[in-house]
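What follows is each chain in one-letter form.
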Amino acid sequence: MSSETEKSAETTYIKPASGWLNLDLKDLWTYRELLYFLTWRDVKVRYKQTAIGVLWAVLQPVLTTAIFTVIFSTFARFESQRVPYPLFVLSGFLIWLFVFNSISFAANSLVGNSNLVTKIYFPRLIVPFSATLSGLFDLLFSFAVLAVLMIYYVSQNAVTLSWQILCAPFFILLAILLTVSLGNLFSALNVRFRDVKFALPFALQVWMFASPVFYPPEILSEKARFVLAFNPLTGILQGFRASLFGESYDWLTIGISAAMTVVLMVLSLFVFKRMEDDFADLI
Amino acid sequence: MKVIKVENLSKLYYLGGAKHNSLRDAIAGFVKNPRRDKKNELWALKDVSFEVADGEALGIIGRNGAGKSTLLKILSRITKPTRGTAEIRGRIGSLLEVGTGFHSELSGRENIFLNGAILGMKRAEIEAKFEEIVAFSEIEKFIDTPVKHYSSGMYMRLAFSVAAHLEPEILIVDEVLAVGDVAFQKKCLNKMRDVGRTGRTVLFVSHDMQAVSRLCSRAIWLKDGKLVKSGETGAVINQYLHEQSQSGAEKSWETAEKAPGNEFTRLRRVRVCDAEGKTTAALDIRRSIGIEMTYEVLQGGKVLIPNFHFYNEQGVCIFISHDWSGEWRERPRETGEYTSTCRIPPNFLADGNISVKVAVSTYLPLEVHFVESDAVSFNVVDSFEGDAARGDYGGPMPGVVRPILDWETKFSKS
C-alpha cells in the first residue's frame with residue numbers, strides 16, 4: 001500500500017490561541033470530503049422514516065402558497081400586483097423557506113454535533129456549512145414546483161420570459177452566502193449562549209414579516225421601503241423576482257443587499273474564528 | 001528522529017461559572033469577572049514536556065483527572081493549550097472514541113463511509129479498504145441494516161473496525177479498547193500492535209496496565225496535570241502501581257465533623273493489613289487479609305453491627321461480611337472506642353483491585369448509622385510459584401474468587 005511507504009512531510013504546530021485571525025482556507029480544502037459526507041448525511045437522514053420523504057420539500061411551499069393565495073385574494077388584494085399572486089408568493093417563499101430552514105438548522109448544528117466537536121479535529125466551519133448546503137437540496141427540489149407554475153402562467157400569457165432569467169442564479173447565490181453567513185454566526189454564538197436557540201425562531205419570524213415574501217414592497221410607504229432596503233433579503237427577493245418575471249432591476253436595493261451580505265459574511269467569519277478555539281471546552 | 005516534541009504544555013480551565021452559557025451570565029461577568037478568581041482555576045495540564053521518536057509507542061498512564069485526556073485533546077487539535085507548544089511531524093489520526101459521528105438512522109455501509117471521513121480517511125481509501133473493514137467487523141449480513149437495529153456489540157465491532165483500518169503516521173488512542181467482548185478486544189489489540197510494528201508512532205492512554213505494557217515500549221505518568229515520571233514502560237507502571245497501592249490502604253478522619261457517622265456512632269479509621277497486621281495495599285493471595293475499622297460510640301444502649309462490602313474493579317459486589325459472632329451480636333454498646341477486624345482467609349479472593357465499603361448498622365429494627373463507599377482499597381496479587389489456586393497455569397483467570405478446592409480423580413484402566 002502506498003500510504004505505508006511514503007512519509008508525508010506535513011508538520012502540525014500546536015500553540016496557544018494567538019488572537020490573530022487565520023482563515024486557514026487550505027485546511028478547509030483538505031477536509032472537503034468531510035463537508036461532502038456531512039451534507040450527504042444530513043440530506044439522507046432528514047426524511048428518514050417519513051412516509052412521503054422528500055416530497056415534504058415540495059409540499060411545504062405548495063401548501064403555504066395555497067393558503068396565502070386564498071387569504072390575500074379574498075381579504076386583501078394588492079392592487080399594484082402585475083405578476084399572478086400565487087407565482088409571486090411561491091417565488092419568494094421558496095427563497096425564504098431555504099433561508100429559514102438552513103439558518104435554524106445551522107444554528108443548532110455545532111451543538112447538535114457536539115460528539116464530533118469534542119472528539120475529533122476538523123475545521124469547525126464545516127459543520128454549519130454542511131447544514132446550510134443540505135438545505136440547498138430542498139431548495140433545488142422545490143424549484144420543480146416553481147418551474148411548473150412558471151410554465152403554466154407563461155402558457156396563459158400572464159408572465160413573459162426574458163433573458164433576465166439567466167441572472168436568477170446570481171440572486172440564489174447571494175441568498176446562499178447570506179444564509180451561510182448567518183448560519184455560521186448563530187452556530188458559533190449558540191455554543192456559548194444557548195439563548196440563541198430560544199431567540200432565533202422569534203427573530204426569524206420578525207425577519208420574514210420585514211421581508212417582501214408575501215407582499216410586494218410597493219404597498220409600503222416611501223419611508224418604510226427605505227428602511228426595508230437595508231434588509232439584505234429585500235434586494236435578493238426583488239432581484240430574483242425581477243429576473244424571473246422580466247421586470248426592471250432596482251439596482252440600489254440590490255447593491256445594498258449585496259454589500260450587507262458581504263459585511264455579514266466577514267463579520268460572521270470573524271466571530272466564528274474568534275470563538276472556534278473554545279468550542280470543545282464550552283460545548 | 002523525534003516526531004512529537006511537546007514543550008511546557010499547559011491547559012487552564014475555569015471551574016463553575018467562569019465561562020458563560022447564557023447571555024445573562026455574560027453580562028453579569030462583565031461586572032464581576034470570575035476569570036480573575038484564582039479559586040476557580042484548575043490546571044488540567046501543567047508544564048508537560050516530552051518527546052516521542054519515530055515508530056515508538058508511548059503509553060500515558062495516571063488516575064482519572066490526571067490530565068491524560070486533556071493532553072490527547074490538545075495533541076489531536078481539539079482544544080488549544082493555554083501555554084506551551086507541541087510539534088508533530090506526520091499525518092495524525094486520533095481515536096478518542098470509537099464510532100464518533102455514527103448515525104443510528106444510517107446503515108452500516110453508510111456509517112463506514114461517514115465515520116471514515118470523520119476520522120480523516122479519503123473516500124478512495126475507504127472504498128479500497130471497505131471489504132476488509134466489513135470482514136474484520138464480522139457483521140457482513142447486516143451491512144445494509146440501519147445501525148439502530150444493531151446490538152451494542154455489533155455496533156462497537158463495526159465502529160472499531162473502521163478505526164482499526166485508519167493508517168495515519170501518528171496514532172493517538174484513548175482507552176477505546178475497553179469495549180466489546182473479550183475476544184474482539186484481543187483482536188483489536190493485536191491489530192493495534194501490528195500498527196505499531198509497521199513503523200507508526202502510537203500514543204496510547206489506558207487504565208489497563210496489561211494493555212499498556214503489551215503495546216508500549218515507553219510510558220509517561222501524569223499526576224494532577226504534571227508529568228511525574230517517564231521512561232521504560234515496566235518501570236513507570238511499577239512505580240505508578242506502587243503509589244496507587246500506598247494511598248488506598250488506610251483512611252482516617254482527623255476531625256469529628258468530617259467523619260461519617262450520626263449521633264450514635266462515628267467512623268474514625270479504616271485500614272487494610274496483612275497476616276502480620278502491617279498496613280499494606282498489596283496482599284499476597286496465599287495469605288490472609290485483615291480489614292479493620294475503628295469507630296467511636298457516642299451514645300450507649302444500641303446493638304451495633306459493623307459490616308464490610310467488597311467490590312471488584314467492575315463494580316461487582318463480591319461479598320458482604322458483618323460481625324455475626326456471639327459477643328456483640330445482642331449486646332448493647334457502651335460509649336467508647338471500638339476496633340473491629342474482619343479476616344479474609346488465604347486463597348479466597350481472585351487477583352485484582354478490591355474496593356471496600358464500610359458501614360455500621362443496627363438490625364432490629366434496621367438502622368444504618370453510616371456508610372462509607374471506597375473507604376479503602378487493596379490489590380490481591382496472585383502467586384505464580386505453583387502453590388496458589390492457579391497452579392502451573394500462567395494465563396488470565398476469570399472469576400471473582402480463586403479458592404483452592406479439593407479435587408479427586410478416579411482412574412480405571414480400560
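Residues numbered from 1 in each chain as written. Chains lettered and ligands numbered in written order. Predicted model: local features only at pLDDT ≥ 70, side-chain atom pairs only at ≥ 80, totals over all residues. Heavy atoms only, no water.

**Digging into the sheet that holds strand β10 (residues 250-252) of chain B**
Residue and element names in this part refer to chain B. If you walk across this open sheet you meet the four strands as β10-β11-β13-β16, and the pairing is antiparallel. Whereas interior strands pair on both sides, the edge strands pair on one side only; in this sheet they are β10 and β16 (336-344). Within this sheet the neighbouring strands show an average axis-to-axis angle of 20°, counted without direction. Where strand β13 (residues 289-297) lies against β16, nine bridges are found, and the strand directions are antiparallel. Note that in β16 the partner of Glu296 across the bridge is Glu337. (Pairing = 2+ DSSP bridges. Helix = DSSP H or I, 4+ residues; strand = E, 2+ residues; numbered from the N terminus. Axes fitted to C-alpha atoms, helices over the stretch in contact; angles between N-to-C directions.)

**Comments concerning the pattern of salt bridges**
Side-chain pairs of opposite charge can arise whenever the charged atoms involved come near each other. All names here are of chain B. Under the defined criterion, the tally for this structure stands at 29 salt bridges over all chains. Here Glu250 and Arg269 are joined by a salt bridge, their closest N and O atoms 3.3 Å apart. Here Glu250 is found in strand β10, whereas its partner Arg269 is found in strand β11 (residues 265-273), with 19 residues between them in sequence. For Glu250, a relative accessible area of 36% corresponds to the partly exposed category. For Arg269, a relative accessible area of 30% gives the class partly exposed. In this structure, Arg402 and Asp382 form a salt bridge, with 2.6 Å as the shortest nitrogen-oxygen distance. Of this pair, Arg402 sits in the segment after β18 (367-381) while Asp382 sits in the segment after β18, and the two are 20 residues apart along the sequence. By the burial criterion, Arg402 is buried, and Asp382 matches it. Each of Arg91, Glu125, Lys129 and Glu167 takes part in one network of salt bridges that share partners. (Salt bridge = Lys/Arg side-chain N within 4 Å of Asp/Glu carboxyl O. Buried < 20%, exposed > 50% of the residue type's maximum accessible area, 1.4 Å probe, protein only.)

**Considering the domain arrangement of chain B**
One frequently used descriptor of interface size is the decrease in accessible area upon assembly of the parts. Examined at the domain level, chain B breaks down into domain 1 (2-244) and domain 2 (250-381). Look at where the C-alpha atoms of domain 1 of chain B and domain 2 of chain B centre, and you get two points 39 Å apart. (Domains from an automatic or database assignment.)

**Looking at the interface of chain A and chain B**
On the chain B side, the residues contacting the 46 residues of chain A number 53 residues. For the pair chain A and chain B, the summed buried surface comes to about 4400 Å²; carbon and sulfur atoms form 55% of the total. The three residues of chain A that bury the most area against chain B are Ile14, Phe37 and Lys119 of chain A, which together make up 15% of that side's buried surface. Here chain A is connected to chain B by three salt bridges. If you look at where chain A meets chain B, you find eight residue pairs in polar contact (both at pLDDT 80 or more). For the side of chain A that touches chain B, the element with the highest residue contribution is helix α3 (residues 32-46) of chain A, accounting for nine residues. Looking at the side of chain A that touches chain B, its residues break down into 20 nonpolar, eight polar and 18 charged. Relative to strand β4 (residues 83-89) of chain B, strand β1 (residues 11-14) of chain A is paired through four bridges, and the arrangement is antiparallel. Within the sheet, the bridge partner assigned to Thr12 of chain A lies in β4 of chain B and is Ile88 of chain B. (Contact = heavy atoms within 4.5 Å. Buried area = accessible area lost by both parts, 1.4 Å probe. Polar contact = N/O pair within 3.5 Å; in protein donor to acceptor, adjacent residues only side chain to side chain. Nonpolar A, V, L, I, M, F, W, Y, C, P; charged D, E, K, R; others polar.)

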